[in-house]
Amino acid sequence: MMAKFELERLRATSQRQHLMAETNAHHGFNTDKPLDLLNRIGHCGRVAAFSLVLAKEAGYPADGLETLEFGAFLHDIGKIAMPDSVLRKPAPLDGEEVTVMRRHPLDGAEIVGRVHELRPLLDGIRHHHERLDGGGYPDGLRGAEIPRMAPIISVADSFDAITTDRPYRRGLAPEQAAAEILEGSGTQYCPVVVDAFR
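Along each chain, the written sequence defines residue order, and numbers are assigned to residues from 1. pLDDT decides what is reported in this predicted model: residues at 70 or higher carry local features, side-chain atom pairs at 80 or more are listed and counted, and totals for whole chains, interfaces and linings draw on all residues regardless. Excluded from the side-chain calculation are hydrogens and water; included are all heavy atoms of the structure.

Considering the environment of Tyr 189
- Only DSSP runs of H or I with at least four residues qualify as helices, and only runs of E with at least two residues qualify as strands; both kinds are numbered from the N terminus onward. Take Tyr 189: it is sitting in the loop between α9 (174-183) and α10 (191-197).
- On the accessibility criterion, Tyr 189 (4% relative accessible area) is buried.
- For the pair Tyr 189 and Glu 130, spaced 59 residues apart in sequence, the C-alpha to C-alpha distance is 8.8 Å.
- In protein, a polar contact means a hydrogen-donor-capable atom and an acceptor-capable atom, both N or O and within 3.5 Å, with residues adjacent in sequence counting only if both atoms are side-chain atoms; elsewhere, any N or O pair within 3.5 Å suffices. A polar atom in the side chain of Tyr 189 sits 2.8 Å from the side chain of Ser 158. We call a residue buried when its accessible area falls under 20% of the maximum for its residue type, exposed when it is over 50%, and partly exposed in between, using a 1.4 Å probe and counting protein chains only.

A closer look at the environment of Val 193
- Along the chain, Val 193 falls in helix α10.
- Sequence-wise, Val 193 and Arg 148 are 45 residues apart; in three dimensions their C-alpha atoms are separated by 10.0 Å.
- In this analysis, two residues are considered to be in contact whenever any of their non-hydrogen atoms come within 4.5 Å of each other. The contacts of Val 193, once residues within four sequence positions are left out, are Leu 54, Pro 151, Ile 152 and Val 155.

Things to note about the environment of Arg 46
- Position of Arg 46 among the secondary structure elements: in helix α2 (residues 36-58).
- Taking the C-alpha atoms as reference, Arg 46 lies 9.7 Å from Phe 159; in sequence the two are 113 residues apart.

A look at unusual backbone geometry
- In this structure, the amide linkage connecting Tyr 137 to the following residue, Pro 138, adopts the cis form with an omega of 15°.
- Summarising the element assignment, Pro 138 is placed in the loop between α7 (122-127) and α8 (149-163).

Here it is as structure tokens:
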């Protein structure tokens, strides 16, 4: 499974780099610094790709895969409502900033919920930070209360977040990220999804 994730990461990273180069050339930008929007698309694209791989391995219904993939792609859309001071902070967030950050699933659900055709994506967007043990957010759902789409997005999102460099820390190796996810099985993560991740 790790090999599949690494192939998806390489594919998504290659696509993002190609898109950045085309965008820079089109707009006359002469910089190696990635555009923030394209970086966000990179994360969301990888989470969508990882979610699709996980869902197939976990036996997710075939007729729900497209909805899952699109929900995974838009899982962080609520972050557009966040102040840059929180989103781009080059250090760990303080308590108040964590509270602001934890609003993004609610903000995302509110944004997407305005479009009738996108409402099937709401479960993944609103609940991708819920935890199996009830310690997640925004609603503190636990176990079977968590909609089926959300635990898949949660594992995919965590894997990408753990392995990606942040302004305040280096990303971990995929093997280290996998170990963290395996350790969270049954508490943070759904064991069925973690088994598909192995």
